[in-house]
Amino acid sequence: ALDEFAARFPYNETEDQARAILDVVGDLGSGRATDRLVCGDVGFGKTEVALRAAFTASMAGRQVALVVPTTLLARQHFKNFQDRFQGFPIKVAQLSRLVKAKDMTITKENMKSGDIDIVIGTHALLAKDVGFRDLGLLIVDEEQHFGVKHKEQLKALKADVHVLTLTATPIPRTLQLALTGVREMSLIATPPVDRLAVRTFVMPFDPVVVREAIIRERFRGGQTFYVCPRIQDQAFLKKQLKELVPEVSVAVVNGQMPASDLGDVISDFYDAKYDVLLSTNIIESGLDLPSVNTILIHRADMFGLAQLYQLRGRVGRSKIRAYAYLTLPPGKKLTPAAQKRLTVMQTLDTLGAGFQLASHDLDIRGAGNLLGEEQSGHIREVGVELYQQMLEEAVAEAKGELSGEDAPQADYSPQVSIGIPVLIPQSYVSNLNLRMDLYRRVSRLADDQESESFAAELIDRFGTLPGEVENLLQTVSIKRLCRRAQIEKIDSGPKGAVVSFRNDEFANPLGLITYITDQVGTVKLRPDHKLVIKRSWASGMDRLKGVTSLACTLADIASA
């Protein structure tokens, strides 16, 4: 049935998209409730994945709920789903502000009785009187517009429901959940055949450019979006457009319009009765009008980065080259944040840049609180590396891939305290991001040969190694020896060192006893299982050499 459904609508899917469809259909056939994020750039065919998933779930006798952020997107999806499911025994309904109260009541009753297979709605689906007979699949489209509380509320509708999330620009918290394996992820990175990137221009407002852009689009048989950030700007902009381009027809939409008027205007624009649609960012989410290939954004400095990216994604959805003009007030000094957003928009002008933007957002804002509702912030208490490691272990154990005693010991990080500076100085590598990257590479050095190669690379790129960097590389080498010897901590000072073993265990107890006996008077084992070594290490370099020798000796004994 799925093959027949796909064949009815010729769609040249990319390899990424085909893989995503197989992933999602496979999830629906599994015995457990799954949670999958499909991340693909604007216009890369995420809706087709949702259609196939909804069809599969409906034909299996389960109900499907598709939640979208705006009434316009709900209306568009409702029409698309109705067209595609025509001829199949599947009933599709809509819940949003555009639906009359009487019809909404009937729809809710039919959802509870099971007469409706697929319901498409806005936040109206979160109402307390909404219920399902047998909900099997929840699809969240444009998830960046929903709060964590809303999404958890939707999941609470039923315990064993499959969740499919679609977005081009996932919020940091969602992306982190996907990257850590808490939820599955499918990435659609390949654009449809013949798709062209949108040409983006950031510039001060110029009436001549605005007129040229609208007229050129009209002459090639297309339509134009004109987006402004505030409703109160629309009257002025409509008057300005009438003076600049009197030969075009302009329609106005915003979120405060009566539902019937909004629906009528959008229908007329779909039918090409207007040349220009003057709107707020109500058109931002998912609208698909292949005939619209020019967008002008008034006061682009007042929009967020993801908003600008999504708005630009409303054009260029066919084989025609599209243009986006981000206009600014002439002579106005922009805030550093606005300047940065607009620079990123010009930089990310290639197809498939949405995932890069989301990754950039994750770096800037942090991963958020994965157990609470906060969507940004840093995991400050334990540090991101340890947190990530703990999370991966917990996820693997929850999935049954690890089990208590059978779980392999994680690659822990021994503590080595010598009392010497161990770092990459700012005076040696000035760029912070580059320094952080070098630290990450240092932490992954597997043996002495890799350490030597890394040191040679540093000398080649930045010059002679400072003492602090040499200390860092030597300390990493000591940590490798500590792992071999199962040493958890070495505390050293002028009079020697104290060694703590991991879980108070040593691989070769007999060899350790022999070592203590040979070093009688200078080495002893305390009742708390810590090894005390008495030495005279006056300087930091003496301690570094002494601790290196000690760790090497204990590693050799453990191996033996």
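The structure presented is a predicted model; accordingly, all values stated were derived computationally and were not measured. (Residues numbered from 1 in each chain as written. Predicted model: local features only at pLDDT ≥ 70, side-chain atom pairs only at ≥ 80, totals over all residues. Heavy atoms only, no water.)

**What to know about the sheet that holds strand β8 (residues 199–204)**
Strand pairing in a sheet relies on backbone hydrogen bonds, with the paired strands running either antiparallel or parallel. If you walk across this open sheet you meet the six strands as β8-β13-β12-β9-β11-β10, and the pairing is parallel. The outermost strands of the open sheet, each flanked by one partner alone, are β8 and β10 (250–253). When the angles between neighbouring strand axes are averaged without regard to direction, this sheet yields 20 degrees. The sheet strands contacting helix α9 (residues 234–244) are β9 (223–227), β10 and β11 (276–279), and the helix crosses β10 at an angle near 170 degrees. Packing of helix α11 (residues 305–312) onto the sheet brings it into contact with β8, β9, β12 (292–297) and β13 (323–328), and relative to β12 it is tilted by some 150 degrees. (Pairing = 2+ DSSP bridges. Helix = DSSP H or I, 4+ residues; strand = E, 2+ residues; numbered from the N terminus. Axes fitted to C-alpha atoms, helices over the stretch in contact; angles between N-to-C directions. Contact = heavy atoms within 4.5 Å.)

**Comments concerning the nonpolar core**
Counting residues in each nonpolar core, the largest one holds 40 residues, and the members touching the most others are F225 and L277. Every element with two or more residues in this core is listed here: β9, β10, α10 (259–270), β12, α11, β13 and α12 (336–347). If you look at the next biggest cluster of nonpolar residues, it comprises 32 residues, including F5, V68, A74 and F85. (Core = buried A, V, L, I, M, F, W, Y, C linked by side-chain atoms within 4.5 Å. Buried < 20%, exposed > 50% of the residue type's maximum accessible area, 1.4 Å probe, protein only.)

**Considerations on the pairing of strand β1 (residues 35–40)**
Buried residues dominate β1, accounting for six of its six residues. The pairing of β1 with strand β6 (residues 162–167) spans five bridges and is parallel. The residue bridging D35 from the neighbouring strand is V163, located in β6. Direction of pairing for β1 relative to strand β7 (residues 184–188): parallel, over a ladder of five bridges. Paired with C39 across the bridge in β7 is L187.

**Some words on the environment of Y412**
For Y412, the location among the structural elements is in the loop between α14 (384–398) and β14 (415–417). A relative accessible area of 11% means that Y412 is categorised as buried. In contact with Y412, not counting residues within four places along its chain, are C482, R483, Q486, I487, E488 and R502.

**A word on unusual backbone geometry**
One non-glycine residue, E142, adopts positive backbone phi at about 50 degrees. For E142, the location among the structural elements is in the loop between β5 (135–141) and α6 (148–155). Phi at R299 is positive, roughly 50 degrees, even though this residue is not glycine.

**Overview of the pattern of salt bridges**
Taken as a whole, this structure holds 22 salt bridges when the rule is applied. The residue R84 makes a salt bridge to E48 at a minimum N-O spacing of 2.9 Å. You can see R84 sitting in helix α4 (residues 71–84) and its partner E48 sitting in helix α3 (residues 46–59), a full 36 residues away along the chain. For R84, a relative accessible area of 10% puts it in the buried group. Relative accessible area serves as the criterion here: at 4%, E48 is assigned to the buried category. (Salt bridge = Lys/Arg side-chain N within 4 Å of Asp/Glu carboxyl O.)

**Observations regarding the pairing of strand β18 (residues 531–534)**
As defined by bridge partners, strand β16 (residues 496–501) adjoins β18 across four bridges and the pair is classed as antiparallel. Across the sheet, the residue bridging to V499 is L531, located in β18. Here three bridges tie strand β17 (residues 523–525) to β18, and the two strands are oriented antiparallel to one another. Residue pairing across strands places V523 opposite I533, the latter belonging to β18.

**Re the sheet that holds strand β15 (residues 487–493)**
Spatial strand order, β14-β15-β16-β18-β17: five strands in an open sheet with mixed pairing. Whereas interior strands pair on both sides, the edge strands pair on one side only; in this sheet they are β14 and β17. Within this sheet the neighbouring strands show an average axis-to-axis angle of 15 degrees, counted without direction. Pairing between β15 and β16: six bridges, direction antiparallel. By the bridge assignment for β16, I487 is matched with F501. Docked against the sheet, helix α17 (residues 467–485) engages β14, β15 and β16, running at close to 130 degrees with respect to β14. Running over the sheet, helix α18 (residues 509–518) touches β16, β17 and β18 and is turned about 135 degrees from β17.

**A look at the packing of aromatic side chains**
Counted under the stated rule, the structure contains seven aromatic pairs. Measuring from ring centre to ring centre gives 5.5 Å for F81 and F85, while their planes differ by 55 degrees; the resulting arrangement is tilted. Under the relative-accessibility criterion, F81 is labelled buried at 1%. Ring-pair connections join several aromatic residues into one group, and the members of that group are F55, F81, F85 and F88. Over the ring of Y270 we find R75, and its NZ or CZ is 5.7 Å from the ring centre. Across from the ring centre of Y323, 4.7 Å away, lies the NZ or CZ of R216, which sits over that ring. (Phe/Tyr/Trp six-rings, centres within 6.5 Å; stacked < 30°, edge-to-face > 60°. Lys NZ or Arg CZ within 6 Å of the ring centre and 35° of its normal.)

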